[in-house]
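# Structural overview for review
So the chains spell out like this:
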Amino acid sequence: MSQKNLTILGSSSQQPTRYRNHGAYLFRWLEEGLLFDPGEGTQRQFIFANIAPTCINRIFVSHFHGDHCLGLGSMLMRLNIDKIKHPVHVYYPAANQKNYEYLRDGCVYYRTIEIIEHPIKEEGSVEETDNFIIEAYFLDHGIASIGWRILEKDRIKFNKEKLKENKIFNSDVRKIEKEKFLQIDNKTIKLEEVSYVKKGDIIAVIFDSRYSDKMIKISKDAKILLIESTYTKENQALATKYMHMTAFEAAKVAKEANVNMLILTHFSARYTDLSLFELEAKEIFENSYVAEDLKVFNFPN
Ligand SMILES: [Zn+2]
Ligand SMILES: [Zn+2]
């Protein structure tokens with residue numbers, strides 16, 4: 001089975017620290033690489049993580065504050081050096097088209113890779129691919145900032161025993177999948193008699209924003225909720241003032257949205273001990289973890 005995991009390439013907020021690079025997060029899922037918010041230094045973090053950047057198919061930029069986007073230009077340049085053959089989709093708020101273009105064209109090189117741009121103006125479903133449905137929602141951060149909900153499409157899985165029992169082999173399997181029924185020896189077999197629907201997983205990725213109830217909708221029933229928690233709750237006033245969240249608020253979202261696993265990130269440089277965040281979240285939502293650079297989280301079952 002292919003990899004299905006999240007690699008933390010960075011976990012700091014505005015300023016990196018000795019131990020935390022600017023944020024960047026790579027989901028490997030259904031043979032695709034989904035990179036979120038490549039901050040400065042992301043290219044080098046790929047080396048430390050021992051992952052070839054060529055796995056990237058889609059890059060998501062939540063907003064254009066430096067800690068979320070300064071690595072975009074270098075990642076595109078790198079994919080160009082690597083001569084990737086597949087297109088790279090880039091999703092970002094349309095309000096900052098100019099900033100996107102500055103980053104894309106911030107240095108001189110002869111571009112050969114195909115970049116498919118998705119400037120996002122309106123919230124809701126923004127793209128449907130063979131594998132995924134991609135939804136975007138605007139958050140509350142002073143500038144356009146997007147929270148993402150990504151749904152893996154449901155899939156038909158065949159019950160091998162049932163196929164054998166009904167003597168359905170080879171091309172007939174494809175036929176019943178396409179036509180939803182099959183006629184064999186004067187008997188009609190319905191697709192659901194020999195198969196079941198495997199529900200696709202959902203992830204939610206929420207970066208810079210003040211708490212809002214909308215986050216519960218974005219995260220509903222997600223396997224993984226990756227969410228910012230710049231502060232712990234004794235700094236709630238700072239979180240509100242600077243349009244960020246606390247671990248406490250992030251855990252409230254996880255609980256209300258019935259997610260499976262909560263991963264906190266985007267920590268203020270003022271904190272050295274991240275266990276404070278985990279403890280604060282666990283009081284409300286048990287399956288909580290902190291992102292640490294180069295840590296890998298498998299999708300929960
Ligand atoms: Zn930030
Ligand atoms: Zn920000």
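Residues numbered from 1 in each chain as written. Chains lettered and ligands numbered in written order. Predicted model: local features only at pLDDT ≥ 70, side-chain atom pairs only at ≥ 80, totals over all residues.

## Some remarks on the overall build of the protein chain
Applicable threshold: Comment: elements are numbered from the N terminus, with helices defined as DSSP H or I runs of at least four residues and strands as E runs of at least two. Put simply, the radius of gyration uses C-alpha atoms, and a globule should come to 2.2 Å times the residue count raised to 0.38. A residue is called partly exposed when the number of other C-beta atoms within 10 Å of its own lies between 12 and 20, exposed at 12 or fewer, and buried at 20 or more, with C-beta atoms placed from the backbone. Contact between two residues is assigned when their C-beta atoms, built from the backbone, lie within 7 Å.
Check the secondary structure of the protein chain and you find 11 helices and 18 strands. Against the compact-globule benchmark of 19 Å for 301 residues, the protein chain has a radius of gyration of 21 Å, which places it among compact chains. Projected onto its principal axes, the C-alpha coordinates of the protein chain cover approximately 70 × 50 × 35 Å. Each of the 301 residues in the protein chain was classed as buried or not, and the buried ones make up 41%. Of the contacts made within the protein chain by residues no fewer than 6 positions apart, 64% connect residues no fewer than 24 positions apart.

## Side note on the sheet that holds strand β16 (residues 261-265)
What counts is decided by this rule: Strand pairing is defined by DSSP finding a minimum of two bridges between the two strands. Axes, fitted as lines to C-alpha atoms, cover a helix only where it is in contact. Angles between the N-to-C directions of the axes lie from 0 to 180 degrees.
An order of β7-β8-β9-β14-β15-β16-β17 is seen for the 7 strands of this open sheet, with the pairing classed as mixed. The outermost strands of the open sheet, each flanked by one partner alone, are β7 (124-128) and β17 (288-290). Within the sheet, the average angular offset between the axes of one strand and its neighbour, ignoring direction, is 20°. Looking at chain direction, strand β14 (residues 202-206) and strand β15 (residues 224-228) are connected through 4 bridges and run parallel. Among the inter-strand pairings, Ile206 is bridged to a residue of β15, identified as Ile227.

## Remarks on the environment of Ile150
One can find Ile150 in strand β9 (residues 146-152). Note on Ile150: 25 C-beta atoms within 10 Å, which makes it buried. Along the sequence, Ile150 and Phe132 sit 18 residues apart, while their C-alpha atoms lie 6.6 Å from each other. Each residue touching Ile150, except ones within four places of it in the same chain, is listed here: Phe132, Ile134, Ile202 and Ile203.

## Concerning the nonpolar core
Heads up, the rule is: Take the buried Ala, Val, Leu, Ile, Met, Phe, Trp, Tyr and Cys residues, join any whose C-beta atoms are within 7 Å, and the set you get is a nonpolar core.
Counting 72 residues, the largest nonpolar core has Ile59, Ala204, Leu225, Ala250, Leu262 and Leu264 as the members making the most contacts within it. When residues in this core are grouped by element, the largest group, 6 residues, is from helix α10 (residues 247-256). Aside from chain neighbours lying at most four places away, what touches Ala250 is Ile227, Ser229, Met245, Leu262, Leu264 and Ala281.

## A short note on the domain arrangement of the protein chain
This is how it is decided: An automatic or database domain assignment supplies the start and end points of every domain.
The domain architecture assigned to the protein chain consists of domain 1 (5-154 + 199-298) and domain 2 (161-195). A separation of 43 Å is found between the C-alpha centroids of domain 1 and domain 2.

## Considering unusual backbone geometry
The residue Lys167 is not glycine, and still its phi comes out positive at about 55°. Among the structural elements, Lys167 can be located in the loop between α5 (160-165) and α6 (171-179). For Lys167, a count of 11 C-beta atoms within 10 Å puts it in the exposed group.

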